Amino acid sequence: MSANQKLNIHEDWVVVILGGLTILLTLSGLLLPVPVFGWKNFGELSGTVCSASNLSFIGLQFLFVIVIAAVGAFLTGKQLKSALLTFPVVYMLTIAALVLAGNSQVKALNLEAVIFSLALGLLISNCFNLPEWFKMALSTELFVKIGLVLLGTTVIFSDVLKAGSLGLIQALVVVLSVWYFAFWLCKKLKIDEELTMMISSAVSICGVSAAIATSGAIKGDAKKLSYVISMVLITAIPMMIFMPYIAQYFNFPQAVTGAWLGGSIDTTGAVVASGSLVGEEALKISTIVKFSQNVLLGIAAFAISVYWTYTRHPAGKGARAKPTLKVIWERFPKFVLGFIAASVLFSFFISAGVNAEVKGSLKNLQGLWFALAFTSIGLETNFKDLFGKNSKKPFYAFLIAQGFNIVITLVIAYILFN
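Definitions and limits used
Residues numbered from 1 in each chain as written. Predicted model: local features only at pLDDT ≥ 70, side-chain atom pairs only at ≥ 80, totals over all residues. Heavy atoms only, no water. Helix = DSSP H or I, 4+ residues; strand = E, 2+ residues; numbered from the N terminus. Buried < 20%, exposed > 50% of the residue type's maximum accessible area, 1.4 Å probe, protein only. Contact = heavy atoms within 4.5 Å. Areas by Shrake-Rupley, 256 points an atom, 1.4 Å probe, with all protein chains shown as cover. pLDDT = per-residue confidence, 0-100. Salt bridge = Lys/Arg side-chain N within 4 Å of Asp/Glu carboxyl O. Patch = residues over 30% accessible without salt bridge, like charges linked within 9 Å, V, L, I, M, F, W, Y side chains within 5 Å. Axes fitted to C-alpha atoms, helices over the stretch in contact; angles between N-to-C directions. Parallel < 35°, antiparallel > 145°, perpendicular 65-115°, else oblique. Left-handed = near helix turned anticlockwise from the far one by under 90°. Nonpolar A, V, L, I, M, F, W, Y, C, P; charged D, E, K, R; others polar. Core = buried A, V, L, I, M, F, W, Y, C linked by side-chain atoms within 4.5 Å. Expected span 1.5 Å × (residues − 1). Arc of directions from axis to C-beta.

(A) Seen up close, the overall build of the protein. When you go through the protein residue by residue, the secondary structure sums to 21 helices and 0 strands. Among the 418 residues that make up the protein, the fraction classed as buried is 52%. When contacts within the protein are restricted to residue pairs at least 6 apart in sequence, long-range pairs at least 24 apart make up 80% of them. As displayed, the protein offers around 18900 Å² of accessible surface, 68% of which is attributable to carbon and sulfur atoms.

Quick look at the structure:
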């Protein structure tokens, strides 16, 4: 290969390679120390988060992810020099977002790091005129999909069985009914198909992760993904605060309350926080139900991928001219296979001891890639694109679908857990 020639492997295969490489290195013993970002006051911020040892952990993490990002840029045919110049800026902004999200008062509000990553990126992109080469070097989708492959390592089938039949039944009924209602509502309001799929998955399955997985499966617009995630995070806060008090006012049993919270609140952190306000039983049931919904993410991503590939192909518009299996395979997002492979590997071939040893490092890297992706989205987005005049209908659809989710989940929780 000459110096002027570039590799140009399909991004989805690159993601599977890089995600698999990360998992392989971790299982081989390369366990990156997890940096600490939690702090209550400036004393803890300077003494713990900014300590020499913690900064060295952040530096080691940077060296690891910049190598992965550089290999990704090379394999996908991007300018390696531009990628190496851009990535440190994205990383530093992401670390700043993680530090902001680590504050105890912010944690009490359950504001996730990705919203700070997005906000900092938006602030920079809207206050400064970033050069075009900088924006072109951003690898948003690559970062998101690497995070999704690593997410597969947390979906363990034995844990699904421990979740109990009632939790699984509720999760299945809620996901199917709420997803279909949200899909139908978005169609009625004439919302575009990409937003429709992302909103339906975010409301019905597990919020942020479901929106990200769906966007990857349908090759969705990053700006639309940002908007959906903003809605998820904004609505999770009042639900987390008020739903436990509503349950208390109406004297709902703790098991019912837990199932209601776990099935309707979209972020895992908010579920845990709200369940804690009610009691130990509610916390346990809410976590089980939420986990049961999270498990369905892989199945949903696969189904959505097949549906989208089949119906969105030009040949699929005619009743007699559906795309062939070969075409479906060509258009199918391969990162979903990486997600499933990681889940199968950790469910059936990795011992519980090894899993316990490596899960902290992998979970940290998964969250970091998501945060890096949202910093990148912010850097390539203007406020008018994110919250433009056409954004009212999706917001109304999300709120109505969330209202339906709250009601139907309460009914199912009473039937199954009362």
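Structure's up, so let's keep going.
(B) Spotlight on the confidence of the model for the protein. This prediction gives the protein a mean pLDDT of 83; 88% of its residues lie at or above 70. Ignoring residues within four places in sequence, the model shows residues 1-5, a span with pLDDT below 50, making 1 contact including any to other chains.

(C) Spotlight on the pattern of salt bridges. Throughout the structure, instances matching the rule amount to 3 salt bridges. In the salt-bridge network here, residues are joined through shared partners; they are Asp192, Glu194 and Lys224.

(D) Quick peek at the environment of Glu193. In this structure, Glu193 sits in helix H11 (residues 193-206). Taking the C-alpha atoms as reference, Glu193 lies 9.8 Å from Ile218; in sequence the two are 25 residues apart.

(E) Local environment of a nonpolar patch on the surface. Judged by side-chain polarity, Ile9, Trp13, Phe302, Val306, Trp329, Leu337 and Ile340 come together as a nonpolar surface patch covering roughly 550 Å² of accessible area. Counting through the fold element by element, Ile340 comes out in helix H18 (residues 335-348). Of the residues examined, Ile340 reaches a relative accessible area of 30% and is grouped as partly exposed.

(F) Spatial organisation of the packing of helix H1 (residues 11-27) against helix H3 (residues 52-75). Look at H1 against H3: their axes get within 10 Å of each other, and the N-to-C directions meet at 155°. Taken together, the axis directions place H1 and H3 in an arrangement best described as roughly antiparallel. The way H1 lies across H3 gives a crossing that is right-handed. From H1, Val14, Leu18, Leu21, Thr22 and Leu25 reach across to H3, where they touch Phe64, Ile68, Val71, Gly72 and Leu75. Considering only residue class, the contact of H1 with H3 consists of 8 nonpolar, 2 polar and no charged.

(G) Structural view of the nonpolar core. Membership of the largest hydrophobic core comes to 105 residues, with the highest contact counts inside it found for Phe87, Ile212 and Trp369. Per-element tally for this core: the top contributor is helix H19 (residues 352-379), with 11 residues. Filtering out sequence-adjacent residues up to four positions away, Ile212 remains in contact with Val144, Leu148, Leu225, Ile229, Phe370 and Phe374.

(H) Looking closely at unusual backbone geometry. Of note, Lys190 is a non-glycine position whose phi angle comes to about 60°, a positive value. Structurally, Lys190 is set in the loop between helix H10 (165-188) and H11. On the basis of relative accessible area, Lys190 is assigned to the exposed category, the value being 71%. For Asn251, which is not a glycine, the phi torsion comes out positive at approximately 55°. Structurally, Asn251 is set in the loop between helix H13 (222-249) and helix H14 (254-264). The class for Asn251 is exposed, based on a relative accessible area of 65%.

(I) Expanded view of the side chain of Gln366. As for its placement among the helices and strands, Gln366 is situated in helix H19. Ignoring any residue separated from it by four or fewer positions in sequence, one finds Gln366 in contact with Gly147, Leu150, Leu151 and Thr154.

(J) Up close: the packing of helix H4 (residues 80-101) against helix H6 (residues 113-127). One way to put it is that H4 packs onto H6 with a least axis distance of 8 Å and a crossing angle of 130°. With respect to H6, the element H4 is oriented oblique. With respect to the hand of their crossing, H4 and H6 are arranged in right-handed fashion. Contacts between H4 and H6 involve Leu93, Thr94, Ala96, Ala97, Leu98, Leu100 and Ala101 on the former and, on the latter, Ala113, Phe116, Ser117, Leu120 and Ile124. Grouping the constituent residues of the contact of H4 with H6 by class yields 10 nonpolar, 2 polar and no charged.

(K) Fine view of H18. With 14 residues, H18 should cover 20 Å at 1.5 Å per step; its first-to-last C-alpha distance of 20 Å lies within 8% of that length. Phe335, Val336, Gly338, Phe339, Ala342, Ser343, Phe346 and Ser347 are the residues of H18 that are buried. Buried residues of H18, seen end-on, are gathered within an arc of 160° and therefore sit on one face of the element.

(L) Looking closely at the environment of Trp329. Mapping Trp329 onto the fold places it in helix H17 (residues 325-331). Sequence spacing of Trp329 and Val306 is 23 residues, and the spatial spacing of their C-alpha atoms is 9.0 Å.

(M) Summary view of the environment of Val173. Counting through the fold element by element, Val173 comes out in helix H10. Counting along the chain gives 235 residues from Val173 to Ile408, while the straight-line C-alpha distance between them is 9.4 Å.

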